[in-house]
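Structural overview
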Amino acid sequence: MAEVPPNLDWVRAAPDDATGPGPWIELAFGDNDLVYIRETSDPENVVTTTQKKWDAFVLGVQAGEFDHFVEGLEDIEGTEAEPAERQ
């Protein structure tokens, strides 16, 4: 496993009105175009990818390529899963 730099600036991916500890996903952008991803409930478990791969993933989410993973979640109380708008 790659060493995780201690001085990363973690950004929580949570709704603006979110309260409580989550769990939430957190991201940090490091040197050498590395992107670090972790969950607040297990901050020692960090996944590392590249900026290029992260950008491709974000574009895929925006294009709705992963909508099938959240099908049916709108039936679960407390979730507001809506497929991304296709452009």
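The structure under discussion appears in the preceding block.
A short tour of the structure in this document, coming up.

Quick notes on the rules
- Residues numbered from 1 in each chain as written.
- Predicted model: local features only at pLDDT ≥ 70, side-chain atom pairs only at ≥ 80, totals over all residues.
- Heavy atoms only, no water.
- Core = buried A, V, L, I, M, F, W, Y, C linked by side-chain atoms within 4.5 Å.
- Buried < 20%, exposed > 50% of the residue type's maximum accessible area, 1.4 Å probe, protein only.
- Contact = heavy atoms within 4.5 Å.
- Pairing = 2+ DSSP bridges.
- Helix = DSSP H or I, 4+ residues; strand = E, 2+ residues; numbered from the N terminus.
- Axes fitted to C-alpha atoms, helices over the stretch in contact; angles between N-to-C directions.
- Salt bridge = Lys/Arg side-chain N within 4 Å of Asp/Glu carboxyl O.

One finds Leu8, Trp10, Ala28, Tyr36 and Val46 forming the largest nonpolar core, which totals five residues. If we skip the residues at most four places from it in the chain, Ala28 touches Leu8, Asp9, Trp10, Leu34, Val35 and Tyr36.

A few words on the sheet that holds strand β3 (residues 34–39). Strand order in the open sheet formed by four strands is β1-β2-β3-β4, and the pairing between neighbours is antiparallel. Looking at the sheet topology across the chains shown, the edges are occupied by β1 (11–13) and β4 (42–50). If you compare each strand with its neighbour and ignore which way they point, the axes differ by 30 degrees on average. Bridge count between strand β2 (residues 25–29) and β3: five bridges; the pairing is antiparallel. Residue Glu26 lies in a different strand from β3, and its bridge partner there is Arg38. Across the sheet, helix α1 (residues 51–62) is in contact with β2, β3 and β4; its angle to β4 comes to roughly 95 degrees.

Taken together, β2 and the strand that follows it, β3, pair antiparallel across an intervening segment of four residues, in which Asn32 is found at a positive phi of about 60 degrees. Of the pairings in the sheet, the one linking β3 to β4 comprises six bridges and is antiparallel in character. Its bridge partner being in β4, Leu34 is matched across the sheet by Thr50. Linking β3 back to β4 in an antiparallel pair, the connection comprises two residues.

With that out of the way, let us pick up the pattern of salt bridges. Tallying each qualifying case throughout the model produces two salt bridges. One salt bridge in this structure joins Arg12 and Glu26, with 3.2 Å as the shortest N-O distance. Note that Arg12 is positioned in strand β1 and Glu26 in strand β2, a separation of 14 residues in sequence. Among the residues examined, Glu26 registers a relative accessible area of 8% and is labelled buried. A salt bridge links Arg38 to Glu26, with the nearest nitrogen and oxygen atoms 2.7 Å apart. With Arg38 in strand β3 and Glu26 in strand β2, the pair connects residues that are 12 residues apart, well separated along the chain. As far as burial versus exposure is concerned, Arg38 and Glu26 are alike and both buried. Three or more residues joined by partner-sharing salt bridges are found here, namely Arg12, Glu26 and Arg38.

So far we have only geometry, and geometry alone does not tell us how the molecule works.
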